[in-house]
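# Secondary and tertiary structure notes
Residues per chain, in single letters:
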Amino acid sequence: MTDSGFPVIDLSPWYTGADKGGVAEAIRVVCESIGFFAIRGHGVPDMAVAAMRAAARGFFALPATEKLRVARPRPEQNRAWHAEGTETLSRLAGNESPPDYKEVFAIGPPDVPADPYFHAAPGAYPNYAPNLWPDQPEGFEAAWRAYWRAMEDLQETLCRIFATALDLPEHHFLGFVDKHCSMLRALYYPPQAISPLPGQLRAGAHTDLGMLTILKNEAASGGLEVRDLAGRWHAAPVVEDGFIVNIGDLLMRWTNDRFVSTLHRVANPPAGAAAGDRRPALHCLFRRAELRRADRMRADLRRAGPAGEIPAGHGRRLSQRTLRSHRRAKPGRGMSGAVLVTGAGGLVGAAVVEALVRQGRTAVALDRAAPPSEVTADWSAGPGRAVFVVQDARESEGVAATIKAHGVRRVIHGATVTAGADRDASDPEGIVSVNVLGTIAVLRAARAAGVERTLVLSSNAVYGPNALVGDVLDEAATQPDPRTMYAITKLAAERTAQRLAELWSLEVRIARLTSIYGRYERDTGLRDTLSPLHQATMAARAGEAVVLPGPGRRDWMYSRDAGAGIAALLDAPALPESVYHVSTGVTFTVADWCALLQSRFPRFAWRLAGAGEAATIDYFGFGERTPLAVTRFTRDTKFRPAFDAGQALADWIEWLDR
């Protein structure tokens, strides 16, 4: 026993023959009560375990582009790499939950004979589908094959012990597992950069379908938990020189429920736990293909009556349960499934991800660094889910791999450098690299992955001084006249995207955004021009007076409205125009905003700058801008903003005060 009372059984007396009956009796007791136990003295070489563990860790550390080479070719085939968020084990128990927070790599029998039974019999595919072996890391296949052989030997020993425990001939089960279609799976539980959704675990509660499972688990925060007969969950121990064994549904049926297949799950680490390197857990699940109907077990089981009939079609059920655990949740009406958002850590990208999650969507949030917890907390509020991927949008192959791995159907490209004058002078190459070459890379990835629609985010900055002319800026009538590196590269990205859409037969639309402010706005290192509204709000909270260079009238748009508007544009049934403005169409001034701030923070003082007086708020060039026309936008999306200036301030302050 461990200190927690979890049974640990030493198999050494079985191997030596000193006390086979004692080992079998100890296992009988736990199999008839909870069906989980740990073993020592198992005979598996330490070197085989170490090599397997190193191979698995090396594989999961590979870039997604490499892992994608061995991704599942078809939904029913389990022997391959499974990206994070593509498996939901709770469905095996008939329950719905968010997808499991893990990656998987799995193989089946590595040396399948040429016998037609394994290739032509009903159910042969996918139970004996060829394994997909990665080229990296070096020695991967050899390590897995050696570990497989060790697990097969241990499985045979356990089958002999089970038979003895049931007062059957020691070899009784061996004829039923001679053509098994078992799986060896390495599970990687990554650090949880985004808080899990309600009900989301590293592995949802389920029972195993096969005969038995042998697990090599690791000491780390969050791990295997087993439910007892009273419905309480208990953490399984880590036995450094041992394995965890559990009974599966098939053996429970073979023994007429005498042996127990028990619900288990893998818990999340505690909130705030260190995000260290999580070693993979090694699972070997032993199954019988059941491609032909077998006779009843020929024995009277002690206190249980005759064994249950071996179910015909068990192999087909394996495939059906594999499909069930990997099927995707249906998107809401009018929605197109998973959406990739590049630049997800920035102001607009974060708001788009939050809008998608609120709609019940899956948002694959891509950025070069994880956003702070106050942002990801909103992404975790559901009912949809966000999967964060650390990646540079300029790495086309990596982006394509992410798109394919997560089943992305549509893309919102928002990765950008919002440069100020200093960066224009010091790093024009970097601005062009992200804003123009990054757009090309994302479109190339979208083409390679077969994405159905891509939305490229641009800016009203492309109009330059023309933004001061007339009553409204029209997508067709108002000519762009960019003057800053940001504006120049955004227009270049627009024209490049439109040209590549023609050449590559892509559906691409341009979304020119008005001036965005509010929730999620912060200095990310790529945003040099924080909005005047942000500057004033931070000053008001700090009790500092501000001096405005002018009224600052624009069609300001709150970030959460911008996120919802972009999502509406992405999902519009038909988009006959190539360029759309995204705006509320309603103007107010920075001075109006300061008056609202003063009502919220009575000690806050503000004024317009007098003649020759230096302002403390930077408008970054043009203070007044003509509003964007929104006729196209509202006509084709039916979008209506949810926040006026007062509501936006209340929502933003509530978020900042958390």
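Note that this is a predicted model, so its numbers are computed, not measured. (Residues numbered from 1 in each chain as written. Predicted model: local features only at pLDDT ≥ 70, side-chain atom pairs only at ≥ 80, totals over all residues. Heavy atoms only, no water.)

Turning next to the overall build of the chain. Helices and strands together make up the secondary structure of the chain, namely 19 helices and 25 strands. In the chain, buried positions account for 58% of the 658 residues. For the chain, the proportion of contacts with a sequence separation of at least 24, taken over those separated by at least 6, is 80%. (Helix = DSSP H or I, 4+ residues; strand = E, 2+ residues; numbered from the N terminus. Buried < 20%, exposed > 50% of the residue type's maximum accessible area, 1.4 Å probe, protein only. Contact = heavy atoms within 4.5 Å.)

With that settled, consider the sheet that holds strand E9 (residues 233–235). Each strand in a sheet pairs with its neighbour through backbone hydrogen bonds, running either in the same direction (parallel) or in the opposite one (antiparallel). Taken in spatial order, the four strands line up as E6-E11-E8-E9 in an open sheet, and their pairing is antiparallel. Only two strands of the sheet have a single neighbouring strand rather than two, namely strand E6 (203–206) and E9. Strand-to-strand, the axes of this sheet are offset by a mean angle of 20°, without reference to chain direction. With two bridges connecting them, E6 and strand E11 (residues 264–266) associate as antiparallel partners. When the bridges of E11 are listed, histidine 206 appears paired with histidine 264. (Pairing = 2+ DSSP bridges. Axes fitted to C-alpha atoms, helices over the stretch in contact; angles between N-to-C directions.)

A separate point is helix H9 (residues 347–358). Relative to the 16 Å expected for twelve residues at 1.5 Å per residue, H9 spans 17 Å between its end C-alpha atoms, a close match to the ideal helical length. Of all twelve residues in H9, eleven are buried, a share of seventy percent or more. Within H9 the residues assigned to the buried category are Leu347, Val348, Gly349, Ala350, Ala351, Val352, Val353, Glu354, Ala355, Leu356 and Val357. One or two positions beyond H9, positive phi appears at glycine 360, with a value near 90°. (Expected span 1.5 Å × (residues − 1).)

Quick look at the packing of H9 against helix H16 (residues 559–571) now. Contact geometry for H9 and H16: axes closest at 8 Å, N-to-C directions at 65°. As for the relative orientation of H9 and H16, their crossing is right-handed in sense. Contacts between H9 and H16 involve Leu347, Val348, Ala351, Val352, Glu354, Ala355, Leu356 and Arg358 from the first element and Ser559, Arg560, Gly563, Ala564, Ile566 and Ala567 from the second. Considered class by class, the residues forming the contact of H9 with H16 number nine nonpolar, two polar and three charged. (Left-handed = near helix turned anticlockwise from the far one by under 90°. Nonpolar A, V, L, I, M, F, W, Y, C, P; charged D, E, K, R; others polar.)

We now examine the packing of aromatic side chains. Counted by the stated rule, this structure contains 19 aromatic pairs. Three or more aromatic residues link up through ring pairs in this structure, and these residues are Phe59, Phe60, Phe105, Trp133, Phe140, Trp144 and Tyr188. Positioned above the aromatic ring of tryptophan 14 is the side chain of lysine 20, whose terminal nitrogen or guanidinium carbon lies 4.7 Å from the ring centre. Its end group placed over the ring of tryptophan 233, arginine 265 keeps NZ or CZ at 4.0 Å from the ring centre. (Phe/Tyr/Trp six-rings, centres within 6.5 Å; stacked < 30°, edge-to-face > 60°. Lys NZ or Arg CZ within 6 Å of the ring centre and 35° of its normal.)

With five of its five residues buried, strand E15 (residues 338–342) lies for the most part within the structure. The two faces of E15 match: Ala338, Leu340 and Thr342 on one face and Val339 and Val341 on the other face are all buried. Bridging between E15 and strand E18 (residues 408–413) involves five bridges; their strand directions are parallel. Note that in E18 the partner of leucine 340 across the bridge is valine 411.

Glancing now at unusual backbone geometry. Residue proline 137 is bonded to the preceding glutamine 136 through a cis peptide linkage, with omega at -5°. Relative to the helices and strands, proline 137 is located in the loop between helix H5 (124–127) and helix H6 (140–165). The phi dihedral of tyrosine 520 is positive, around 85°, even though this residue is not glycine. With respect to the helices, strands and loops of the structure, tyrosine 520 is situated in the loop between strand E21 (516–517) and helix H15 (532–542).

Looking at the secondary structure, you find arginine 519 in the loop between E21 and H15. Every residue in contact with arginine 519, bar those within four places of it in the chain, is listed here: Leu347, Asp378, Tyr558, Ser559, Arg560, Asp651, Trp652, Glu654, Trp655 and Arg658.

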